[in-house]
Amino acid sequence: MYAYARLTVSPSSSQFFKDDFVSLSCEEGDSSAGWTLRRNTTTDTKAKCGAGFGKPAGSSCNISYIDTLDSGVYWCESNQSTISNMVNLTVTGGSVILQSPVLPVMEGDDVTLLCKTKTTPSNLPAAFYKDGSLIRKQPTGHMTIQHVSRSDEGLYKCDISGHGESPSSWITVTDKPTTTPPPTTTTIPTAPDLTADSSLQLAFRIVLHLVVFSPYIISTLIMMSLYQCRARGNGISDSTKPTLPDQGLDNEHDDVITDVTTEYHF
């Protein structure tokens with residue numbers, strides 16, 4: 001498992017009144033990494049929880065009475081020097097704060113900003129500003145930005161008439177993760193599959209040749225059979241053929257002999 005931690009803040013806000021209770025927690029991806037909360041402020045650098053500020057409580061660091069000097073950047077760090085996300089906290093001694101997301105906001109989500117005072121109810125009318133320009137005035141003290149986009153990223157503050165103005169806090173908007181389709185796999189045929197395909201192709205070719213050439217072969221065989229039958233029906237054997245010239249010679253010879261014999265006896 002990779003060493004990773006995520007810093008969270010409770011209550012979830014980037015601004016606090018002086019003397020508020022704040023708990024910062026390192027949500028560990030690997031408990032063996034030994035995560036420790038550290039901070040940079042105007043008075044200290046890479047200060048460790050329990051050594052100058054806060055009280056360790058497991059993977060958390062509790063600050064019972066936060067002070068304006070506690071304003072700064074906080075993060076979790078492992079004993080392998082791996083760090084988590086960073087959080088910027090602002091502590092004010094004034095009477096108005098802007099309660100805004102302490103962690104980056106995902107694009108497309110709704111974000112609610114609350115302008116509140118320390119001693120009075122939080123439903124007082126308030127004016128909200130972005131990058132120094134007035135956005136709108138809300139009668140209930142809170143404003144919702146629907147379907148935030150990267151253009152909503154910026155520096156926000158609020159003002160309650162008769163009570164004062166809050167510090168400014170930066171709101172970060174991150175891109176919405178895209179869903180990637182699962183990788184397609186191509187199945188490569190194995191040797192048996194290739195052999196089977198070749199056999200099928202060979203059988204198909206044989207059948208094709210039989211279908212094409214069978215009529216010619218059958219026609220040829222029929223013609224040969226008819227020719228042989230006709231030859232047998234019209235043929236005459238040598239023993240029955242007439243020998244007319246030979247018989248003529250024999251008759252003449254017999255006549256000569258008869259004549260000679262007759263003349264002798266006379």
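Quick caveat, the model's predicted, so the values are computed rather than measured. (Residues numbered from 1 in each chain as written. Predicted model: local features only at pLDDT ≥ 70, side-chain atom pairs only at ≥ 80, totals over all residues. Heavy atoms only, no water.)

Moving on, we come to the sheet that holds strand S15 (residues 142-145). With antiparallel pairing, 3 strands are arranged side by side in an open sheet as S10-S12-S15. Edge strands, defined here as strands with exactly one partner in the open sheet, are strand S10 (96-99) and S15. Taking the axes of each pair of neighbouring strands and ignoring which way they run, one obtains an average angle of 15 degrees across the sheet. Here 4 bridges tie strand S12 (residues 111-117) to S15, and the two strands are oriented antiparallel to one another. (Pairing = 2+ DSSP bridges. Helix = DSSP H or I, 4+ residues; strand = E, 2+ residues; numbered from the N terminus. Axes fitted to C-alpha atoms, helices over the stretch in contact; angles between N-to-C directions.)

Further remarks concern unusual backbone geometry. Look at the link from serine 10 to proline 11: it is a cis peptide, with omega at 0 degrees. For aspartate 131, which is not glycine, the phi dihedral falls at a positive 55 degrees. Tracing the chain through its elements places aspartate 131 in the loop between strand S13 (126-130) and strand S14 (133-138). Residue aspartate 131 is classed as partly exposed on the basis of its relative accessible area, which comes to 47%. At histidine 147, a residue that is not glycine, the phi angle is positive and equals roughly 50 degrees. Here histidine 147 shows up in the loop between S15 and strand S16 (154-160). (Buried < 20%, exposed > 50% of the residue type's maximum accessible area, 1.4 Å probe, protein only.)

Enumeration over the complete set of coordinates arrives at 1 aromatic pair. Here the aromatic rings of phenylalanine 53 and tyrosine 74 are separated by 6.0 Å at their centres, their planes lie at 75 degrees, and the arrangement is edge-to-face. Here the residue phenylalanine 53 occupies a position in the loop between strand S5 (47-48) and strand S6 (55-57), and tyrosine 74 occupies one in strand S8 (residues 72-77), the gap between them amounting to 21 residues. Considered together, phenylalanine 53 and tyrosine 74 belong to a single accessibility category, that of buried residues. Sitting over the ring of phenylalanine 53, arginine 39 keeps its end group 4.1 Å from the ring centre. Its guanidinium or amino end placed over the ring of tyrosine 129, lysine 157 lies 5.7 Å from that ring's centre, counting from NZ or CZ. (Phe/Tyr/Trp six-rings, centres within 6.5 Å; stacked < 30°, edge-to-face > 60°. Lys NZ or Arg CZ within 6 Å of the ring centre and 35° of its normal.)

So, on to the pattern of salt bridges. With the rule as written, the count across this model stands at 9 salt bridges. Put simply, aspartate 19 and lysine 18 hold a salt bridge, and the shortest N to O gap is 3.6 Å. Aspartate 19 sits in the partly exposed class, given a relative accessible area of 41%. A relative accessible area of 31% means that lysine 18 is categorised as partly exposed. Where glutamate 77 meets lysine 46, a salt bridge forms, and the shortest distance between an N and an O atom there is 3.6 Å. On the criterion of sequence distance, the pair formed by glutamate 77 in strand S8 and lysine 46 in the loop between strand S4 (36-41) and S5 is long-range, its members being 31 residues apart. Residue glutamate 77 is classed as buried on the basis of its relative accessible area, which comes to 10%. Ionic contacts of the salt-bridge type, sharing partners, join the residues Lys18, Asp19 and Asp67 into one network. (Salt bridge = Lys/Arg side-chain N within 4 Å of Asp/Glu carboxyl O.)

This brings us to the sheet that holds S8. Spatially, 5 strands are ordered S2-S9-S8-S4-S5 in an open sheet, and the strand pairing comes out mixed. Each edge of the open sheet is held by one strand with a lone partner, namely strand S2 (15-17) and S5. Summarising the sheet, S4 and S5 pair through 2 bridges and their orientation is antiparallel. Counterpart to arginine 38 in the pairing with S5 is lysine 48.

All right, on to the state of the cysteines then. Tallied over the full model, the rule gives 3 disulfides. Residue cysteine 115 pairs covalently with cysteine 158 via a disulfide, S to S 2.1 Å. Here cysteine 115 and cysteine 158 share a disulfide; its torsion about the S-S bond, 80 degrees, makes the bridge right-handed. In this pair, cysteine 115 is assigned in strand S12 and cysteine 158 in strand S16, connecting sequence segments 43 residues apart. (Disulfide = S-S within 2.5 Å.)

What tends to happen in soluble globular proteins is that the nonpolar side chains get buried as a cluster. Counting 22 residues, the largest nonpolar core has Val9, Leu24, Leu37, Phe53, Tyr74 and Leu89 as the members making the most contacts within it. Listed by contribution, the elements that provide at least two residues to this core are strand S1 (5-10), strand S3 (22-28), strand S7 (60-63), S8 and strand S9 (87-92). In contact with leucine 37, not counting residues within four places along its chain, are Leu7, Leu24, Cys26, Ala47, Lys48, Cys49, Phe53, Cys61, Tyr74, Trp75 and Cys76. Counting residues in each nonpolar core, the second largest holds 16 residues, with Val105, Ile145, Ile171 and Val173 among its members. (Core = buried A, V, L, I, M, F, W, Y, C linked by side-chain atoms within 4.5 Å. Contact = heavy atoms within 4.5 Å.)

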